[in-house]
Amino acid sequence: MSLELPSAPALADALIVDPFYLAISADFEHDMPTRKAVLARYFAYSLGEAARTGRFLATEDGKLGAAAWLLPRTNDVDAAESAAKNEFLASTLGPRGYDNYHRIVEFMAARAPAVVPAGAWYLSILGISPAAQGRGLGAQLLAPTLVEADAAGAPCFLETFTPPSVAFYERLGFRSAAEHLEPVTNSAYAIMCRPAADILRNNHGK
């Protein structure tokens, strides 16, 4: 059964200014409608991946935004998902965007293990349509999975290229663990971690 993902265009509208998404859609930089359509396809695929191997949550109407989490997966599942995603990227992104994607992801993947706890749940994508921002929808989308992670005793992490979003994530318990200058985008990004619930409780009790 196919997954209905009407929130993908909202993610494209919300995140198109992010350095990562600009880089992976670089082949379409002179054609904004096509660029947004390519990013919407990318987000639809990513939301489907989250539904299969993590958590996918959309706004109540399904159209204003979504959150995608990836949870730890077995080596076999990870290999199959990675191969399928690479095939999708090769057929969807242009050659520059495809190359940019792999260079950026490899750079980031090499640096996350130094600060990210083992078994952490990864907030891969969060976006709300620009017209609907400021209503608390982002926090509402994240709340159920954060509650679930706390119940499971699981830490969480994310990576953001958007400095204004840091304060938002801090209000939800995330803290900046490292910052790096990513060379493809020439942009700084932060790795933010949220400890497991028992560590949060111990810290609050001090």
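Coordinates for the structure precede this section.
Keep in mind that this is a model prediction, so the values were computed, not measured.

A. Broad picture of the nonpolar core. Phe20, Tyr21, Ile24, Tyr42 and Phe43 are the most contacted members of the largest nonpolar core, which has 41 residues in total. Broken down by secondary-structure element, the contributors of at least two residues to this core are α1 (8-15), α2 (19-24), α3 (32-53), β2 (65-70), α4 (75-92), α5 (95-111), β3 (121-128) and β6 (187-194). A total of 8 residues in this core trace back to one element, the largest contributor, which is α3. If we ignore the near neighbours within four places in the chain, the residues touching isoleucine 24 are Leu39, Tyr42, Leu93, Gly97 and Tyr101. Among the nonpolar cores identified, the runner-up in size contains 22 residues, and Trp69, Trp121, Leu126 and Ile128 belong to it.

B. Summary view of the packing of α1 against α3. Two elements in contact, α1 and α3, have axes whose closest approach is 8 Å; the angle formed by their N-to-C orientations is 120°. When the axis of α1 is compared with that of α3, the two are oblique. Relative to α3, the crossing made by α1 is right-handed. Two secondary-structure elements touch here, α1 through Ala8, Pro9, Leu11, Ala12, Asp13 and Leu15 and α3 through Lys36, Leu39, Ala40, Phe43, Ala44 and Leu47. The class makeup of the residues in the contact of α1 with α3 is 10 nonpolar, no polar and 2 charged.

Here is what the cut-offs are and how they apply
Residues numbered from 1 in each chain as written. Predicted model: local features only at pLDDT ≥ 70, side-chain atom pairs only at ≥ 80, totals over all residues. Heavy atoms only, no water. Core = buried A, V, L, I, M, F, W, Y, C linked by side-chain atoms within 4.5 Å. Buried < 20%, exposed > 50% of the residue type's maximum accessible area, 1.4 Å probe, protein only. Helix = DSSP H or I, 4+ residues; strand = E, 2+ residues; numbered from the N terminus. Contact = heavy atoms within 4.5 Å. Axes fitted to C-alpha atoms, helices over the stretch in contact; angles between N-to-C directions. Parallel < 35°, antiparallel > 145°, perpendicular 65-115°, else oblique. Left-handed = near helix turned anticlockwise from the far one by under 90°. Nonpolar A, V, L, I, M, F, W, Y, C, P; charged D, E, K, R; others polar.

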